[in-house]
Amino acid sequence: MALRTAPIVAGSLIGGYLVARETKKRQLGGVVLAAGGVIAAREWAARVGTAKMFALLAVYLLGFGSSHPLAKKIGAWPAVFTAAGASAVAAHVVSDSAA
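Residues numbered from 1 in each chain as written. Predicted model: local features only at pLDDT ≥ 70, side-chain atom pairs only at ≥ 80, totals over all residues. Heavy atoms only, no water.

### Notes on the environment of Thr23
Moving on, step 1. Positionally, Thr23 belongs in helix H1 (residues 5–23).
Moving on, step 2. Along the chain, Thr23 and Ala34 lie 11 residues apart, while their C-alpha atoms are 17 Å from each other.
Moving on, step 3. Among the polar contacts listed, one links the side chain of Thr23 to the backbone nitrogen of Lys25, at a separation of 3.2 Å. (Helix = DSSP H or I, 4+ residues; strand = E, 2+ residues; numbered from the N terminus. Polar contact = N/O pair within 3.5 Å; in protein donor to acceptor, adjacent residues only side chain to side chain.)

### Regarding the layout of surface pockets
Moving on, step 1. Its boundaries defined by the atoms lining it, the largest pocket holds a volume of some 350 Å³.
Moving on, step 2. For the largest pocket, the lining is made up of 17 residues, of which Tyr17, Ala20, Phe64, Ser67 and His68 are closest to its centre.
Moving on, step 3. Only H1, helix H2 (26–48), helix H3 (50–74) and helix H4 (76–94) provide two or more residues apiece to the lining of the largest pocket.
Moving on, step 4. If you tally residues by element for the lining of the largest pocket, the top one is H1, at five residues. (1 Å grid on protein atoms, 1.4 Å probe; cavity = no way out; pocket = protein on both sides within 12 Å on 5 of 7 lines; lining within 4 Å. Points joined across faces, edges and corners; volume = space filled by probe spheres on them.)

### Overview of the nonpolar core
In a soluble, globular protein the nonpolar side chains are often hidden away together inside.
Moving on, step 1. Residues Val9, Leu13, Ala40, Trp44, Tyr60 and Ala91 are the most contacted members of the largest nonpolar core, which totals 17 residues.
Moving on, step 2. Of all the elements in the fold, those that place two or more residues in this core are H1, H2, H3 and H4.
Moving on, step 3. Every residue in contact with Ala91, bar those within four places of it in the chain, is listed here: Thr5, Ala6, Val9, Trp44, Leu56 and Asp96. (Core = buried A, V, L, I, M, F, W, Y, C linked by side-chain atoms within 4.5 Å. Buried < 20%, exposed > 50% of the residue type's maximum accessible area, 1.4 Å probe, protein only. Contact = heavy atoms within 4.5 Å.)

What follows is the structure in structure tokens.
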């Protein structure tokens, strides 16, 4: 059974931020982010191949990275939700809908 990766990437971006914020330990949030990325990347590689896996992983990581400067403009939670939404849409369109 193929995993749906859109909820995994969205959940790990949101969960990673929440864990980092609540524990005051950014590294723990990074563990959540990394776990979601690894799970999704394995599924993407199997489902759509290495090239698309790297493209989706780039969207995921760029979403995470861009949420930081975006948070200064629109606030932390809206930035996290924007990054999570963009990553989830990309995962759905490129990978999940192909399953």
